[in-house]
Amino acid sequence: MLRVIVSALTAAVVSALAISTGGGGGAAGVAAASAACNGRAEYCTRRWSNVSQLVSHDSPFVGDIASDNQHVSVTAQLALGVRFLQAQTHLTSAGVLSMCHSSCSLLNTGTLAAYLAVLKAWLDANPNEVLTLLLVNGDYLSPTVFATAFDSANITSYAYTPSGTLTLSQWPTLQELIDSGKRLVTFLDYDADTSKVAYLLPEFTYFFETPYDVTNTTAFAQCPIDRPSGASASGRMYLVNHFLDINELNIILIPDEADANTTNSVSSIMGQVSVCESLYGHAPKGVLLDFIDEGSPFGAELIMNGLS
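Residues numbered from 1 in each chain as written. Predicted model: local features only at pLDDT ≥ 70, side-chain atom pairs only at ≥ 80, totals over all residues. Heavy atoms only, no water.

So, about the nonpolar core. Counting residues in hydrophobic clusters, the biggest one holds 47 residues, and the most contacted among them are L112, Y115, L116, L119, L133, F150 and I155. Here this core takes 7 residues from helix α4 (residues 112-125), the largest share from any one element. Aside from chain neighbours lying at most four places away, what touches Y115 is S59, P60, V74, L85, A87, M99 and L133. (Core = buried A, V, L, I, M, F, W, Y, C linked by side-chain atoms within 4.5 Å. Buried < 20%, exposed > 50% of the residue type's maximum accessible area, 1.4 Å probe, protein only. Helix = DSSP H or I, 4+ residues; strand = E, 2+ residues; numbered from the N terminus. Contact = heavy atoms within 4.5 Å.)

Turning our eyes to something else, we now look at the side chain of S49. With respect to the secondary-structure elements, S49 resides in the loop between α2 (26-34) and β1 (53-56). Residue class for S49 comes out buried when judged on its relative accessible area of 15%. A polar side-chain atom of S49 sits 2.7 Å from the main-chain carbonyl oxygen of L168. Setting aside residues no more than four positions away along its own chain, S49 makes contact with L168, W171, M237 and K285. (Polar contact = N/O pair within 3.5 Å; in protein donor to acceptor, adjacent residues only side chain to side chain.)

Moving on to the state of the cysteines. Counted according to the given criterion, the structure contains 3 disulfides. At a sulfur-sulfur separation of 2.0 Å, the disulfide partner of C37 is C44. On the sign convention where negative means left-handed, the S-S torsion of about 105° between C37 and C44 marks this disulfide as right-handed. Put simply, C100 and C104 are joined by a disulfide, and their sulfur atoms are 2.0 Å apart. Between C100 and C104, the disulfide has an S-S torsion of 95° and is therefore right-handed. Side by side, C100 and C104 carry an identical accessibility label, which is buried. For the protein, the bonded cysteines pair up as 1-2, 3-4, 5-6 when numbered in the order they occur along the sequence. (Disulfide = S-S within 2.5 Å.)

Turning our attention to the pattern of salt bridges. Applying the stated criterion across every chain, the model contains 4 salt bridges. The salt bridge involving K120 is made with D124; its shortest N-O contact spans 2.9 Å. With a gap of 4 residues between them, K120 and D124 both fall in helix α4, about one helical turn apart. (Salt bridge = Lys/Arg side-chain N within 4 Å of Asp/Glu carboxyl O.)

On to the packing of aromatic side chains. Scanning the entire structure with this criterion turns up 13 aromatic pairs. For the ring pair F187 and F207, a centre distance of 5.1 Å and an interplane angle of 80° mean the geometry is edge-to-face. Separated by 20 residues along the polypeptide, F187 in strand β6 (residues 184-188) and F207 in strand β8 (residues 207-209) bring together distant segments of the chain. For the residue pair F187 and F207, the accessibility class agrees, reading buried in each case. Plain terms: the ring middles of F208 and Y280 are 4.9 Å apart, the flat faces sit at 65° to each other, and that makes the pair edge-to-face. Placement of F208 in strand β8 and of Y280 in helix α9 (residues 266-280) is noted, with a sequence separation of 72 residues between them. For F208, a relative accessible area of 1% puts it in the buried group. Above the face of the W48 ring, K285 is positioned so that its terminal group lies 4.0 Å from the ring centre. (Phe/Tyr/Trp six-rings, centres within 6.5 Å; stacked < 30°, edge-to-face > 60°. Lys NZ or Arg CZ within 6 Å of the ring centre and 35° of its normal.)

With that out of the way, let us pick up the packing of α4 against helix α5 (residues 143-152). Between α4 and α5, whose axes approach to 8 Å, the crossing angle comes to 45°. With respect to their mutual orientation, α4 and α5 come out oblique. The chirality of how α4 crosses α5 is right-handed. Between α4 and α5, the contacting residues are L112, A113 and L116 on the first element and F146, A149, F150 and S152 on the second. (Axes fitted to C-alpha atoms, helices over the stretch in contact; angles between N-to-C directions. Parallel < 35°, antiparallel > 145°, perpendicular 65-115°, else oblique. Left-handed = near helix turned anticlockwise from the far one by under 90°.)

This part is about the environment of V214. Mapping V214 onto the fold places it in the loop between β8 and β9 (237-241). Residue V214 is classed as buried on the basis of its relative accessible area, which comes to 14%. Look past the residues within four positions of V214 in its chain and what remains in contact with it is A219, F220, F243, L244 and D245.

Residues spaced three or four apart along an α-helix face the same direction, because each turn holds 3.6 residues. All buried positions along α5 are accounted for by P143, F146, A147, A149 and F150. The buried side chains of α5 occupy one side of the element, clustering within an arc of 160° when seen end-on. Opposite the packed face of α5, turned more than 90 degrees from it, sit the exposed residues T148 and S152. As for α5, its buried residues are in contact with β2 (84-91), β3 (97-100), α4, β5 (131-137), β6 and β7 (200-202). Following α5 by one or two positions, N154 has its phi on the positive side, about 60°. (Arc of directions from axis to C-beta.)

Take it as geometry only, folks, not as evidence of what the structure does.
Structural data, given as structure tokens:
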């Protein structure tokens, strides 16, 4: 019940803020957008690879059951300022690619096409924004199955397609992505094949990740490479999995909602980020969080980018 109340209140506040600031509509909104990229003028000249972002972990799993990872809808997450979304996919028993948590029998929040349609509508309404999407290919499907969903949602025209594998210094700036109209950067964790679908990029060619499914804050004092196994940090961006789970009866891991306010605090996020920076010489590209409306995570995002 508490999650429902929090979700409703947050959505109401987000809606009010969008109206009061002209977000997405009217001359005031257009004028504000024209001076900024992803909400900040400073980001316009930065390469996409050099903008650190909060990542909504398991973004479509919204609600008040134990397996949910977020309080508020994807649209509300975007209104809060999230510009990097992560989501799990699986095939249903009917063969439909859907947003399923571990399996579609456990939690299914709808089709990938429907999820992408929400992003398409948001991109249409926000022309100075660049989104990044990381999709978990839970059933190791061909990327062409994902492409069908992208086409169905009419979002393919927004997809950024690099001319080849990019180094860190070869990524376009946010302004260049905006000017080109290619404002959706998409990765698959496994089985991406750019010879089949050029805009679905292989995550682990570009990134490494820290461990996930941790159950103790002591893990936040470390920043080891977990995936891909044996990878070098050289030339890669990285993602920090900064969320806690609870091990229920040593049987199942569920998101630790009770401690989210602390986990998502500036001090907790930057504590781990500082360890990572000392090891790898630069800030992470993304920090994955559960219950991203909790705590003060956007303050940490500004600090990671050298802003205030």
